[in-house]
Amino acid sequence: MNRKPILNAYHPKLTAGLWLLGMIIIGILGSQILTKNWLETGFLALLPTSEQQPEIANATRQHNQLLNRKVVWLAGASTSVEAINHAQKLKRQLEQSQLFNKVVLEFPQQQYINQYQQLFPYRYQLLDAQSQEMLAKNPEDLIKQNLEILNSPIGQMQAADLERDPSLLFGRYFSAQHPIKLNLEQGIVVVSDRQQFWALLLTDLHDERLQLDKLDTLLHLVNDATGQVKAQGGELLVSGMALFTAQGAQSAKQEISTVGVGSSLGIMVLLLMTFRSVRPLLLAMLALASGLFAALVLSIWCFDKIHLLTLVFGASLMGVAIDYALHFFCDSFGGKAWLPQQGLRFILPGISLGLFTTLLSYAGLGLSPFPGLQQVAVFSAIGLSVAWLTVVLLFPLLLVGFKPKHQPLLLKLTGYWQQHWPVWLLSNKRWLGLAAAVFVLGGFWTLTPRDDVRLLQSAPAELTRTADKIRQLFPMSPDSQFFLVSGQDQAGWFQNEQRLIKRLETLKQQKALTAYEGLSHYWPDANRQQQNYRLIKHKLVDSGLLERYMNDLGFDETAVKAELKQFSAAERNTLTLPEWLATADESKQQLWLGCDDGHCQSTVALTGIGDFQALTALQDLPGVIWVDQVESLSSLFARYRIRASALLAIAFSLALAGLGFKFGWQGSMAIMSVPVVALAVSLAMIGWFGQLFSLFNLFALLLVLGIGVDYGLFFFIAGDRRDSTSLGVTLSALTTLLAFGLLATSSTEIVHAFGFTVAVGIVTALLCAPLVGLKNT
Amino acid sequence: MLIKALLLYCLAFGQGVAGDAVLSEISAIAPGIALPPASLQSAARLAKTPITQGDFHQQKQLKVLRKPLISTGTFTYDQNKGVIWKTLTPVVSLLLVNESKLLTGQGEQAVPAAFGKVFKAMLGGDLAALTDGFVITGTDQKTSWQLALIPKDEMLKKIISTMVLSGDTELRQLEIRETGGNVTLISFDNISHPERLSDEQEADFERLSP
């Protein structure tokens, strides 16, 4: 083995001091950082925003903001009175929880009254589309419809203010402002399906991004309330983005503890069994703890906030970070008169190259645009590096005098295995090779990529079902897709949005969607307001139709005169957009994105989309952009899946070249054959088992590459210490397997896929590695 | 004057209930299923049949108008299918309604949730159930009866002061007095109870089915 000068100048006490100093600094940093709110739980935090144009990103943020804070509650019972009772109790409970800044049960009448009063002075400028058309084509139809409305045995909202609005035009406009008619009982919205009545309660959370403890509180609140309503014979449906987040956070926490506890227990048992001493166990735990702690502190320092899912991956990192310590301990079975410093000298090239290749694969992860993956990469890189540093800097001092006297059973087993397994493999290589080739090719054949962004989120089926049911009963929450409309000025924007809305109206009648919401549908611009006024003047007033109609109905002479006078006095009225917005509710205000340097923008929200193709086709209209976050992220996934494949190839070549430089081409090829086979088998298994194949598997494969190289490398440089090396590799494979195997139990599909891929890769790498370096002995 | 505008939303609901009450009263009210208070026993004389049809004459006296709005037409009630309210004068229009759907010349409209309750209670002859929503007083003569219904619901109270139903073996007249001074008076004539619906009636009800 070649000696490095640096090792000659190696002073265990000095390096241990260095390590201590570093950890103290990290500790101080941690004491400041960890007291902040550093945990991210929201699903959207995992997704990249940098890829989008800023205006689309901005519109998306605004569109999501309101959506993410909404929680919808429907209390159901067989009678509406009971349903309302449940809802009223629920309301008190929700108000006490202090999670919400708005809990709305009674319909906000006052708001509507205010809006009516504020808009009323502009009644001759405001027309709904239908009245506009009737007036233009045949104003007599409007009069006929008025008679129908006035004579209806069922009260008509449009006719409520006949005295001040004799033509009922404003009544029509105002009722068109609220296209979905709600049924009120005791001032509360009650919807019904065939079996039950449902009272509606709308809440807005304080914060779009709830902290973990608040999410817990929310989840408990939902469970408690559901139980209580059920106990009284009712039913409660709850839905909202925050619930999905809360569920996700809960399962993530579960997974962190499963993986963390499972790995720790596994490591303890393996170490105690193998070394029959507490020292290696404590030291290994120290390396792990320092690695994880440093990773946590430095990642938060780096990102400000880290995501819960990062910690899930972080927990699985334990299985890899323990490797360096394991190889060190196992080496003690190798030499006769083993000294820690000698041991380090022997394993240093191996574990250093191992660290290097693993870091290389994590660097690949970090290059992706997904904040979640970048965090995983940085977290893992720091964790591994610090674990490595702990082993290198601290262990030589702390392992002084450590020399196990026994021959552990596992050493005998792995020793036997590493001797006989390669022989058996080689003697059967013909049919084994053929079988492997068929297996791998068959697996590749069935491999189908899926790039759906929704896989990032684990939603229990029940939650999704409830959300669907609520959407059915109360079809008011907009879909995540929307249109972004822009124009050079307000007039340009108005024209563009009107053009879009006309097409949307046609599509709505063809049932391609159930509803749309755009500002220009409610607010006519200054030009249009003048047109409206002229239309009424021309068709109703100047033609004498209005006067005749009012006389026929039985209005007083004075009432007719007053109406005509008010009409002519209103000629110059104009309602500006800010004035109109001030009267509108939050969901409509949210649609306006504002004007800046010659650029006006709004969004058009959509509900109940049935025909995506018909809607996407509308983006050909001038100034109209179709925004589908799910679709664009999914296509981003697909693009990055391809990029990650290239990355994998690059990492592979780099490792091949690096190893070739050190060990020669043949050696390099021999080492690299381990990860190659592992990668191929992983992919094939994904295919055979119909597992999810996406971008994330490729990142898992990067890790398999790193670990596979390690195993190959250790055997390659093992020389006469093949027994202790095989023990080290086996132990490290077992711990890694445990961690990633536990990851495969995750309910989030991508986490599961990640775990599965790595687990298969590691088993394969372990099985192939003893073939390397055979001829050296 | 503003009160009407103020109550826009409630009104849609309130008149809805009133209207529904009208429609349901058109029908035969089954006697004595639930034991009604003494004043309700009068209504027990109503004939009990699944189908009722006849003519109506509706007179709406709106405060702002010097003369009443008068409309006439025919109605059909089917216990299972709902109500057809066909106005023939002054303009021909059709209104169809059942527990979950309301169709008018302006398209489909929401059916007030309370509607189902009142509707069912009246149609099912369960007048006692109406005491939940209304204070009921009545007079009973040998050949005729009269019931006055005053809403208990605060919101409804703001719009409707009283509904007065009167009749003999059939419901003959219904009067709705609104707090604002408007009065609607509907009288029913030529009431009959055919065995089955006509094809035209069937076709109209067909439009209500989902």
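Residues numbered from 1 in each chain as written. Chains lettered and ligands numbered in written order. Predicted model: local features only at pLDDT ≥ 70, side-chain atom pairs only at ≥ 80, totals over all residues. Heavy atoms only, no water.

## Topic: the overall build of chain B
Next up, step 1: Helices and strands together make up the secondary structure of chain B, namely six helices and eleven strands.
Next up, step 2: For chain B, buried positions account for 51% of its 210 residues.
Next up, step 3: Pairs at least 24 residues apart make up 48% of the contacts formed inside chain B by residues separated by at least 6 positions.
Next up, step 4: Surface exposure of chain B reaches about 9,000 Å², of which carbon and sulfur atoms provide 53%. (Helix = DSSP H or I, 4+ residues; strand = E, 2+ residues; numbered from the N terminus. Buried < 20%, exposed > 50% of the residue type's maximum accessible area, 1.4 Å probe, protein only. Contact = heavy atoms within 4.5 Å. Areas by Shrake-Rupley, 256 points an atom, 1.4 Å probe, with all protein chains shown as cover.)

## Section: the overall build of chain A
Next up, step 1: In terms of helices and strands, chain A carries 29 helices and 13 strands.
Next up, step 2: Per-residue burial for chain A yields a buried fraction of 57% across its 777 residues.
Next up, step 3: Long-range pairs, those at least 24 residues apart, make up 82% of the contacts in chain A between residues at least 6 apart in sequence.
Next up, step 4: When the accessible surface of chain A is summed, it comes to about 33,100 Å², and 59% of that surface belongs to carbon and sulfur atoms.

## Some points on the pairing of strand S7 (residues 134–140) of chain B
All names here are of chain B.
Next up, step 1: Sheet analysis places S7 next to strand S8 (residues 145–151), joined by seven bridges and oriented antiparallel. Bridge pairing in S8 places Thr139 opposite Gln146.
Next up, step 2: Remark: four residues form the turn of the hairpin made by S7 and S8, two consecutive strands paired antiparallel. (Pairing = 2+ DSSP bridges.)

## With respect to the environment of Ala562 of chain A
All names here are of chain A.
Next up, step 1: One can find Ala562 in helix H22 (residues 557–569).
Next up, step 2: Take Ala562: its relative accessible area is 35%, and that puts it in the partly exposed class.
Next up, step 3: For the pair Ala562 and Arg164, spaced 398 residues apart in the sequence, the C-alpha separation amounts to 9.8 Å.

## Some points on the state of the cysteines
Residue and element names in this part refer to chain A.
Next up, step 1: Applying the stated criterion across every chain yields a total of one disulfide over all chains.
Next up, step 2: The disulfide bridge from Cys595 ends at Cys600, spanning 1.9 Å between sulfur atoms. One disulfide, between Cys595 and Cys600, carries an S-S torsion of 105 degrees and so falls in the right-handed class.
Next up, step 3: For Cys595, a relative accessible area of 45% translates into the label partly exposed.
Next up, step 4: By relative accessible area, which is 4% here, Cys600 ends up buried. (Disulfide = S-S within 2.5 Å.)

## Looking at the nonpolar core
Side chains that are nonpolar tend, in soluble globular proteins, to be buried together.
Residue and element names in this part refer to chain A.
Next up, step 1: One finds Trp73, Phe100, Phe329, Phe395 and Phe754 to be the most contacted residues of the largest nonpolar core, which totals 176 residues.
Next up, step 2: At 23 residues, helix H26 (residues 629–688) tops the list of elements feeding residues into this core.
Next up, step 3: A domain-level breakdown of this core finds at least three residues from each of domain 1 (11–40 + 276–406) and domain 3 (407–446 + 628–777).
Next up, step 4: Once residues within four sequence positions are removed from consideration, Phe754 is found in contact with Phe313, Phe696, Phe699, Ala700, Leu703, Phe740 and Leu743.
Next up, step 5: Leu126, Phe494, Ile501 and Leu606 belong to the second-largest nonpolar core, a separate cluster that totals 52 residues. (Core = buried A, V, L, I, M, F, W, Y, C linked by side-chain atoms within 4.5 Å. Domains from an automatic or database assignment.)

## Overview of the packing of aromatic side chains
All names here are of chain A.
Next up, step 1: Overall, the coordinates contain 27 aromatic pairs over all chains when judged by the stated rule.
Next up, step 2: Taken together, a centroid distance of 6.1 Å and an interplanar angle of 5 degrees make the contact between Tyr522 and Trp580 stacked. Taken together, the residues span a long stretch of sequence, with Tyr522 in the loop between strand S10 (515–517) and helix H20 (526–541) and Trp580 in helix H23 (residues 577–583) at a distance of 58 residues. Each member of the pair, Tyr522 as well as Trp580, is classed as buried.
Next up, step 3: Their ring planes at 65 degrees and their centres at 5.1 Å tell us that Phe663 and Phe716 sit as a pair that is edge-to-face. Linking Phe663 in helix H26 with Phe716 in helix H27 (residues 695–716), this pair joins segments that are 53 residues apart in sequence.
Next up, step 4: Aromatic ring contacts, followed pair by pair, group Tyr116, Phe120, Phe170, Tyr173 and Phe174 into a single cluster.
Next up, step 5: The residue whose ring lies beneath Arg721 is Phe346, and the NZ or CZ to ring-centre distance is 4.1 Å. (Phe/Tyr/Trp six-rings, centres within 6.5 Å; stacked < 30°, edge-to-face > 60°. Lys NZ or Arg CZ within 6 Å of the ring centre and 35° of its normal.)

## Details of the confidence of the model for chain B
Regions with low pLDDT carry predicted coordinates that are not meant to be interpreted in detail.
All names here are of chain B.
Next up, step 1: On average, residues of chain B carry a pLDDT of 69, and 64% of them reach 70 or more.
Next up, step 2: Ranking the elements of chain B by mean pLDDT puts helix H1 (residues 3–6) last with 31 and strand S2 (residues 69–78) first with 90.
Next up, step 3: For residues 1–39, every residue scores under 50 in pLDDT, and the model assigns this stretch 116 contacts once sequence neighbours within four places are set aside. (pLDDT = per-residue confidence, 0-100.)

## Quick word on the packing of helix H11 (residues 278–303) of chain A against helix H12 (residues 308–321) of chain A
Residues and elements named next belong to chain A.
Next up, step 1: Put simply, H11 and H12 touch, their axes get as near as 10 Å, and they point 150 degrees apart. Handedness of the crossing formed by H11 with H12: right-handed. Of the residues in H12, those in contact with Leu288, Leu292 and Leu296 of H11 are Leu311, Gly314, Leu317, Met318 and Ala321. (Axes fitted to C-alpha atoms, helices over the stretch in contact; angles between N-to-C directions. Left-handed = near helix turned anticlockwise from the far one by under 90°.)

## Examining unusual backbone geometry
Next up, step 1: Each neighbour pair has its own omega, and for Thr89 of chain B with Pro90 of chain B the value is 0 degrees, a cis peptide bond.
Next up, step 2: Mapping Pro90 of chain B onto the fold places it in the loop between strand S3 (82–89) and strand S4 (93–97).
Next up, step 3: The phi dihedral of Leu168 of chain A is positive, around 60 degrees, even though this residue is not glycine.
Next up, step 4: Relative to the helices and strands, Leu168 of chain A resides in the loop between helix H7 (139–151) and helix H8 (169–176).
Next up, step 5: Note on Leu168 of chain A: relative accessible area 0%, which makes it buried.

## A short note on the environment of Phe494 of chain A
All names here are of chain A.
Next up, step 1: Tracing the backbone shows Phe494 in helix H19 (residues 490–509).
Next up, step 2: With relative accessibility at 3%, the residue Phe494 sits in the buried group.
Next up, step 3: Along the primary structure Phe494 and Gln601 are separated by 107 residues, whereas in three dimensions their C-alpha atoms are 9.5 Å apart.
Next up, step 4: For Phe494, the residues in contact, after removing those within four places along its chain, are Ser520, Trp523, Pro524, Asp525 and Arg528.

## Structural notes on the pairing of strand S1 (residues 51–61) of chain B
The two faces of the sheet receive side chains in turn, since in a regular strand these alternate between them.
Residues and elements named next belong to chain B.
Next up, step 1: Across ten bridges, the pairing between S1 and S2 is antiparallel. In the strand pairing of S2, Gln53 is matched with Thr76.
Next up, step 2: The pairing of S1 with strand S11 (residues 183–192) spans eight bridges and is antiparallel. Bridge pairing in S11 links Lys60 to Thr184.

## Some details on H19 of chain A
Next up, step 1: If you check H19 of chain A, its first and last C-alpha atoms are 28 Å apart, about what 20 residues at 1.5 Å a residue would give, namely 28 Å.
Next up, step 2: Two residues or fewer past H19 of chain A, Lys511 of chain A is found with a positive phi of approximately 65 degrees. (Expected span 1.5 Å × (residues − 1).)

## Things to note about the side chain of Ser732 of chain A
Residues and elements named next belong to chain A.
Next up, step 1: Along the chain, Ser732 turns up in helix H28 (residues 722–743).
Next up, step 2: We classify Ser732 as buried; its relative accessible area is 0%.
Next up, step 3: Polar contacts involving the side chain of Ser732 include one to the side chain of Tyr711, which spans 3.4 Å.
Next up, step 4: Excluding residues within four positions of it along the chain, Ser732 makes contact with Gly319, Asp323, Leu326, His327 and Tyr711. (Polar contact = N/O pair within 3.5 Å; in protein donor to acceptor, adjacent residues only side chain to side chain.)

## With respect to a nonpolar patch on the surface
Next up, step 1: Taken together, the side chains of Val261, Leu265, Met268, Val269 and Met273 of chain A present a nonpolar region at the surface, about 460 Å² in accessible area.
Next up, step 2: Assignment of secondary structure puts Met273 of chain A in helix H10 (residues 241–275). (Patch = residues over 30% accessible without salt bridge, like charges linked within 9 Å, V, L, I, M, F, W, Y side chains within 5 Å. Salt bridge = Lys/Arg side-chain N within 4 Å of Asp/Glu carboxyl O.)

## Observations concerning the pattern of salt bridges
One side chain can pair with another of opposite charge once the charged atoms of both are near each other.
All names here are of chain A.
Next up, step 1: Enumeration according to the criterion identifies 20 salt bridges over all chains in this entry.
Next up, step 2: A salt bridge links Glu106 to Lys91; the nearest nitrogen and oxygen atoms lie 3.5 Å apart. Remark: Lys91 occurs in helix H4 (residues 80–97) and Glu106 occurs in the loop between strand S3 (100–104) and helix H5 (109–119); sequence separation between them is 15 residues.
Next up, step 3: Taking the shortest distance from any N to any O, the salt bridge between Lys137 and Glu133 comes out at 2.9 Å. Placement of both Lys137 and Glu133 in helix H6 (residues 129–137) is noted, with a separation of four residues, approximately one turn of the helix.
Next up, step 4: By relative accessible area, Lys137 is classed as exposed at 64%.
Next up, step 5: Here the salt bridges share partners, and the residues they tie into one network are Arg69, Lys70, Lys102, Asp204 and Glu586.

## Let's talk about H6 of chain A
An α-helical segment advances 3.6 residues per turn. Residues three or four places apart therefore align on the same side.
Residues and elements named next belong to chain A.
Next up, step 1: Taken residue by residue, H6 has Ser131, Met134 and Leu135 as its buried positions. Across the axial projection of H6, the buried residues extend over an arc of 100 degrees, all falling on one side.
Next up, step 2: Summarising the contacts, the buried residues of H6 are in contact with H7, H8 and H20. (Arc of directions from axis to C-beta.)

## Focus on the packing of H11 of chain A against helix H15 (residues 371–398) of chain A
Residues and elements named next belong to chain A.
Next up, step 1: Viewed as axis vectors pointing N to C, H11 and H15 meet at an angle of 140 degrees, and their least axial separation amounts to 7 Å. As judged from the angle between their axes, H11 and H15 are oblique. Considering only the axes of H11 and H15, their crossing is right-handed.
Next up, step 2: Of the residues belonging to the contact of H11 with H15, the class tally is 19 nonpolar, seven polar and one charged. (Parallel < 35°, antiparallel > 145°, perpendicular 65-115°, else oblique. Nonpolar A, V, L, I, M, F, W, Y, C, P; charged D, E, K, R; others polar.)

## With respect to the side chain of Thr764 of chain A
Residues and elements named next belong to chain A.
Next up, step 1: Its location among the elements puts Thr764 in helix H29 (residues 749–768).
Next up, step 2: What makes Thr764 buried here is its relative accessible area of 8%.
Next up, step 3: Those residues in contact with Thr764 that lie beyond four places of it in its chain are Val677, Ala678 and Val681.

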